[in-house]
Each structure stands twice: as C-alpha cells, then as structure tokens.
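Here's the letter readout for the chains.
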Amino acid sequence: MTPGEVAGIVAPAATMVAAMMTAANLGARITGWGFVVFTVGSVCWSVVGASSGQTNLLATNAFLTLVNLVGIWRWLGRQRAYEDGAEKASQKSRRSDAPTLFPATGLSGMPVIDAFGDPVGHTVEAMVECASGRLSYVVIASGGIGGVDEALRPVPMDRLDCRADGLLLLETRSDFERRDVLTSDRWPASVGASRADGRVTFATERG
C-alpha cells in the first residue's frame, strides 16, 4: 500500500475516535489526547490531499493541524496543570485537619448516590450565593440515556454530603424522585430548606 492509501484508512478512523473523545468531556487528559488523535487525523488527511492532488483538502487540514496543536497545549498543558493542582490540594486536605476540599470545576458530572449507596444520577450544575460564596443548591440529572429524556431536580446543600468520589444524597432515591422536576427555562432563585414533600421554593423576583 502507498502512504496515501494508508493515510486514507487512518484519517477517517482517527477523526471519528478523536471526535468521540473530545465530545465526551471526560476531563483535561482525555480531551487533550483527543486533540492528539485529531492531529494524527489531520496529518493523514493532509497526506491524502497531497498524494491525490486535492490542494483544498491539504490546505484545510494543514490549518486544522495547527488548531489541534493549540488544543493539545490548552488541554494537556495548561488545563491539565490546573486540574492536577486542584486535585493535589484536595488530597492534602483529606490528610490534614483542614476542611476537606474538592475542585469546584469538578463538581459538574460528579456521581451521586443515595443514603443506601444506590446510584441516583450525576450533577450538572451548582448555584453559588454571591454574597457568602456558599453553594445554595445542586442540580442533579437522573434517568434518560446520554442526556436524552433526563430529569433535572435541585437539591439544597444541606441534603448533600461531599465525598472524595462524588456526592452522597442524605435521603433515599424515592425521596429524591418526589422533588420537583426543573424545566430549562425555570430554575429557582433559591431552594427552600429540606421539606418532606421535596417541593421547590421559588424566591420572589425583584423589580
């Protein structure tokens, strides 16, 4: 096989794998390696363009190679260093008398289990009170497949316990499922103190 033929096989495979790695949003390392695989794909597409005389394909993928190199630096260099620093601080806090810390950027996507250890879902967002810096409530997604048909429910922080590997819901899954389901255009300004019926308390908007 010629180099162009080999590149023609590798290029689409690398591009598809890289797209899945970056779209999964599984952290800086996976995303960064996704850009590495993207680079392999763009170089192979450039070889295909050069060997077949397709100058547009060659020029496009030469530019994309530069973009992918920026992505590698961004995710495997800078962002990975940020995540490593935050993780080290979290580990140190668990071995000291200081309050246990966890990276705020890592809150999204954290697994959530209920009081019996059964999986409930994962976090998608957390709302912080500007004046105090305190976490007001966390939005937890449950059900559905790949984000399709999932239900979003807000849970106040007094009903959650932070663990190194995720969040512990201080109630059962059935209690959680009695909480109001949010819609994309109606999230509460605040969630009331824990209530037996799990209802959301919407704060009165000013002006």
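Before reading on, note that the structure itself is shown above.
The present account deals with the structure reproduced in this document.

Conventions adopted
Residues numbered from 1 in each chain as written. Predicted model: local features only at pLDDT ≥ 70, side-chain atom pairs only at ≥ 80, totals over all residues. Heavy atoms only, no water. Helix = DSSP H or I, 4+ residues; strand = E, 2+ residues; numbered from the N terminus. Buried < 20%, exposed > 50% of the residue type's maximum accessible area, 1.4 Å probe, protein only. Expected span 1.5 Å × (residues − 1). Contact = heavy atoms within 4.5 Å. Core = buried A, V, L, I, M, F, W, Y, C linked by side-chain atoms within 4.5 Å. Patch = residues over 30% accessible without salt bridge, like charges linked within 9 Å, V, L, I, M, F, W, Y side chains within 5 Å. Areas by Shrake-Rupley, 256 points an atom, 1.4 Å probe, with all protein chains shown as cover. Salt bridge = Lys/Arg side-chain N within 4 Å of Asp/Glu carboxyl O. Pairing = 2+ DSSP bridges. Axes fitted to C-alpha atoms, helices over the stretch in contact; angles between N-to-C directions.

1. Notes on the overall build of the protein chain
Looking only at helices and strands, one finds four helices and six strands in the protein chain. Listed N to C, the secondary structure of the protein chain is α-α-α-β-β-β-β-β-β-α in terms of helices and strands. Projected onto the principal axes, the alpha-carbon positions of the protein chain cover approximately 70 × 40 × 40 Å. Looking at the protein chain residue by residue over its 207 residues, the buried ones come to 30%.

2. Concerning helix H1 (residues 3-23)
An ideal rise of 1.5 Å per residue puts 30 Å on 21 residues; H1 measures up with 29 Å between its terminal C-alpha atoms. Every buried residue belonging to H1 is among Gly4, Ala7, Ala11, Ala14 and Ala18, and all of these are buried. For H1, the secondary structure elements touched by its buried residues are helix H2 (28-52). Downstream of H1 by one or two residues, asparagine 25 has phi in the positive range, about 50°.

3. Considerations on the nonpolar core
In terms of nonpolar packing, the biggest core is built from 13 residues, with Val138, Ile140, Leu160, Leu167 and Leu169 touching the most fellow members. Elements represented by at least two residues in this core include exactly strand E2 (119-128), strand E3 (135-142) and strand E6 (166-169). Leave out the neighbours within four places in its chain, and leucine 160 touches Val138, Ile140, Val155, Leu167, Leu168, Leu169 and Leu170. Membership of the second largest hydrophobic core comes to six residues, among which are Tyr137, Val139, Ala141 and Val191.

4. Observations regarding a nonpolar patch on the surface
Residues Met1, Val6, Ile9, Val10 and Val40 make up a contiguous nonpolar surface patch of about 460 Å² in total accessible area. With three residues, H1 is the single largest residue contributor to the nonpolar patch. With respect to the helices and strands, the residue methionine 1 is situated in the segment before H1.

5. Focus: the pattern of salt bridges
Applying the stated criterion across every chain yields a total of seven salt bridges. In this structure, arginine 29 and aspartate 84 form a salt bridge, with 3.1 Å as the shortest nitrogen-oxygen distance. One end of the pair, arginine 29, is in helix H2; the other, aspartate 84, is in helix H3 (residues 55-94), with 55 residues separating them in the sequence. Classification of aspartate 84 by relative accessible area gives buried; the value is 19%. The salt bridge partner of arginine 178 is aspartate 175, with a shortest N-O separation of 2.2 Å. Among the charged side chains, a salt-bridge network with shared partners connects Arg29, Arg80 and Asp84.

6. Considering the sheet that holds strand E5 (residues 160-163)
The six strands lie next to each other as E4-E3-E2-E1-E6-E5, forming an open sheet whose pairing is mixed. Each of the sheet's edge strands pairs with one partner strand only, and the pair in question is strand E4 (151-156) and E5. Taking each pair of neighbouring strands and ignoring which way they run, the sheet shows an average axis angle of 35°. Pairing of E5 with E6, which is carried by four bridges, proceeds in the antiparallel orientation. By the bridge assignment for E6, cysteine 162 is matched with leucine 167.

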